[in-house]
Amino acid sequence: MAAFKDMEKPTLVSGTDGVGTKLKLAFLLDKHDTIGIDCVAMCVNDIACAGGEPLFFLDYIACGKNYPEKIATIVSGVAEGCKQSNAALIGGETAEMPGFYPEDEYDLAGFAVGIVDEKDIITGKDLASGDVLIGMASSGVHSNGFSLVRKIFKMDRETLNTYHEELGATLGEALLAPTKIYVKALRSIKEAGVVIKACSHITGGGFYENVPRMLPEGKRAVIEKASYPIPPVFAMLAREGAVEEKMMYNTYNMGLGMVLAVAPNDVERALEAIKAAGETPYVVGKIEDGEKGVTLC
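Scoring rules and cut-offs
- Residues numbered from 1 in each chain as written.
- Predicted model: local features only at pLDDT ≥ 70, side-chain atom pairs only at ≥ 80, totals over all residues.
- Heavy atoms only, no water.
- Helix = DSSP H or I, 4+ residues; strand = E, 2+ residues; numbered from the N terminus.
- Expected span 1.5 Å × (residues − 1).
- Buried < 20%, exposed > 50% of the residue type's maximum accessible area, 1.4 Å probe, protein only.
- Arc of directions from axis to C-beta.
- Contact = heavy atoms within 4.5 Å.
- Phe/Tyr/Trp six-rings, centres within 6.5 Å; stacked < 30°, edge-to-face > 60°.
- Salt bridge = Lys/Arg side-chain N within 4 Å of Asp/Glu carboxyl O.

For helix α4 (residues 68–85), built from 18 residues, the straight-helix expectation of 26 Å at 1.5 Å per residue is met to within 8% by its first-to-last C-alpha distance of 26 Å. All of the buried residues along α4 are Lys70, Ile71, Ile74, Gly77, Val78, Gly81, Cys82 and Ser85. With its buried residues spanning 145° around the axis, α4 presents them on a single face. Residues of α4 that are exposed and angled more than 90 degrees away from the buried face: Pro68, Glu69 and Lys83. Of the surrounding elements, those touching the buried residues of α4 are α3 (35–49), β2 (53–63), β3 (88–96), β4 (106–117) and α8 (183–191). A positive backbone phi angle near 60° is found at Asn86, which sits one or two residues after α4.

Summed over the entire model, instances satisfying the criterion amount to five aromatic pairs. Between the aromatic rings of Phe27 and Tyr106, the centroid separation amounts to 4.9 Å while the plane-to-plane angle is 70°, which identifies the pairing as edge-to-face. With Phe27 in helix α2 (residues 23–29) and Tyr106 in strand β4, this pair connects stretches of sequence that are 79 residues apart. Both residues of the pair, Phe27 and Tyr106, belong to the buried class. Ring geometry for Phe100 and Tyr101: centres 5.2 Å apart, planes at 70°, overall edge-to-face.

Taken as a whole and judged by the stated rule, the model has 20 salt bridges. The salt bridge partner of Asp38 is Lys22, with a shortest N-O separation of 2.9 Å. Of this pair, Asp38 sits in helix α3 while Lys22 sits in the loop between β1 (10–18) and α2, placing them 16 residues apart in sequence. What makes Asp38 buried here is its relative accessible area of 0%. With a relative accessible area of 0%, Lys22 lands in the buried category. Of the charged contacts in the structure, one is a salt bridge between Asp117 and Lys119, with a shortest N-O distance of 3.0 Å. Given a relative accessible area of 53%, Lys119 falls into the exposed group. Here the salt bridges share partners, and the residues they tie into one network are Glu8, Asp117, Lys119 and Asp120.

This is the structure:
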């Protein structure tokens, strides 16, 4: 593996995750081709966030009844996610568990291993006041907060297949949009010679729980809510469920799937590198001295 050759201290990093209750929508709509992308994304984005390059991925599917065509469709999504993240799909397990899962239901989880040179691990320890926060656009809800989604909207085919002008899609299509994989974009930034000082994958717990994880003591992230467009699906969730704004930012990615910090003189190069990898970046805030945490203003 060429990745190892030039490393001084190759260090393994790993991630494991599932898709959560987003699966309920896949069952209802009988659409199983993208849920595997979600599973890979949730694992490899965490690896990339630490500065690592994914090496390989394994999936685990537990089902009430093994329908080979359905399993093949799920795994096709897993393969697509591996392609997007340049990880090898080296195996997996399909467990048939009658009486434990209903016949037409399943659970999907995965496990990925990546590699990073120890000196390149992204820890946030060198964050300085004035460093700039860049956010990368999400594709929507990704794979978190679906228990709340299922409380807000009626979970039936009619509701999910209803087209909404503001979404430019049916509700089901907007909610099932696969999680973005940011591996290429983060690699592109590194290849541009930019040091990513800190990085946060915005998953369950939204901004309030994920952003502080990338900060050392004594540093605070300040994010301007108006600095990027919030996808319409979040406005719809907040409106239909009467969810207060702080709760939205504490549950969802609100349009940013990954937030990273770079030195001010690296901002332009980082933005160009992200665009070159096909993602959409926004300058969303900065780092200040203060109590560790995040301020949304």
